[in-house]
Amino acid sequence: MIEALQKLIAALRDELQHYGEMLARLDDQQQLVMRRAPDALLQAVPQVQQQSTILTQAREVRFAAMKFLCSQLGLAHDSSFKDLMPHLPSDYRPLIDALVEENNELLMRIHNRARQNHLLLTRTVESMQRVINSLGIHRSTPVYDESGSMFNPAPAAPSIYEAVC
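Reading the values: rules and limits
Residues numbered from 1 in each chain as written. Predicted model: local features only at pLDDT ≥ 70, side-chain atom pairs only at ≥ 80, totals over all residues. Heavy atoms only, no water. Helix = DSSP H or I, 4+ residues; strand = E, 2+ residues; numbered from the N terminus. Buried < 20%, exposed > 50% of the residue type's maximum accessible area, 1.4 Å probe, protein only. Contact = heavy atoms within 4.5 Å. Areas by Shrake-Rupley, 256 points an atom, 1.4 Å probe, with all protein chains shown as cover. Polar contact = N/O pair within 3.5 Å; in protein donor to acceptor, adjacent residues only side chain to side chain. 1 Å grid on protein atoms, 1.4 Å probe; cavity = no way out; pocket = protein on both sides within 12 Å on 5 of 7 lines; lining within 4 Å. Points joined across faces, edges and corners; volume = space filled by probe spheres on them. Nonpolar A, V, L, I, M, F, W, Y, C, P; charged D, E, K, R; others polar. pLDDT = per-residue confidence, 0-100.

Q: Looking at this model, I keep getting lost on the overall build of the protein chain. Mind explaining?
A: The helix and strand inventory of the protein chain stands at 4 helices and 0 strands. Sequence-ordered secondary structure for the protein chain, helices as α and strands as β, is α-α-α-α. The proportion of buried residues among the 165 residues of the protein chain is 30%. For the protein chain, contacts bridging at least 24 residues in sequence account for 63% of all contacts bridging at least 6. With an accessible surface of roughly 11,100 Å², the protein chain has 56% of that area assigned to carbon and sulfur atoms.

Okay, structure coming up:
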């Protein structure tokens, strides 16, 4: 069981590291949006996507390690950490608890930062759409709001310049 427990601890640490890297990439992305650096921002998107893939893999490793530990302890494979904790040796509980808490806190920060970045990017696109509309270019570009629904901008303003025949 100790070997299974050590694998879970290693997986939690690895996941924590990757969450930290994701938060750093999202912070960088936010700075690029604020500095209005579109070329650098376009280069940052694949890095965020790559980190997301790495995080998914780290989470899968942690799920597998937890599933293995649960089987070693005779618990259901889908047991939560709350269910698992009383069955662990008491000297490992504080470490596991701290790692789970840190992972959860970082995950919440990542969700918040990703939402903030999404809103900033959406506002930038909306602002550009208003500029385009004010120039009399009325071809609409699909924009999505924070809930993922199609954003319906206000009706276009009348053209500034009307050609006289």
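Q: Would you explain the environment of glutamate 146 in this entry?
A: Looking at the element boundaries, glutamate 146 is found in the segment after α4 (93–134). What glutamate 146 contacts, discounting residues up to four positions off in sequence, is His118 and Leu119.

Q: Which parts of the structure should I look at to understand the side chain of glutamine 29?
A: If you trace the backbone, glutamine 29 turns up in helix α1 (residues 2–35). Its relative accessible area of 9% is what places glutamine 29 among the buried residues. In this structure the side chain of glutamine 29 is engaged in a polar contact, spanning 2.7 Å, whose partner is the side chain of asparagine 117. For glutamine 29, the residues in contact, after removing those within four places along its chain, are Leu41, Val45, Val48 and Asn117.

Q: Any chance you could explain the layout of surface pockets here in plain terms?
A: Size it by volume and the largest pocket reaches roughly 390 Å³. Taken together, 15 residues form the lining of the largest pocket, with Val33, Arg36, Leu41, Leu121 and Thr124 sitting closest to its centre. The biggest single contributor to the lining of the largest pocket is α4, with 5 residues. Across the lining of the largest pocket, the residue classes tally to 11 nonpolar, 3 polar and 1 charged. Reported here for the second largest pocket is a volume of approximately 210 Å³. If you go around the second largest pocket, you meet 14 residues; those closest to its centre are Met22, Leu26, Val48, Ile110 and Ala114. For the lining of the second largest pocket, the secondary-structure elements that each account for two or more residues are α1, α2 (38–73) and α4. Here the lining of the second largest pocket takes 7 residues from α4, the largest share from any one element. Within the lining of the second largest pocket, the residues separate by chemical class into 9 nonpolar, 4 polar and 1 charged.

Q: Just to check I follow, could you spell out the confidence of the model for the protein chain for this structure?
A: Regions with low pLDDT carry predicted coordinates that are not meant to be interpreted in detail. Residue-level pLDDT values for the protein chain average 87, and 87% of them are 70 or greater. For the protein chain, per-element mean pLDDT is lowest for α4, which scores 91, and highest for α1, which scores 95. Below pLDDT 50 for its whole length, residues 159–165 participates in 3 contacts with residues either more than four positions away or in separate chains.

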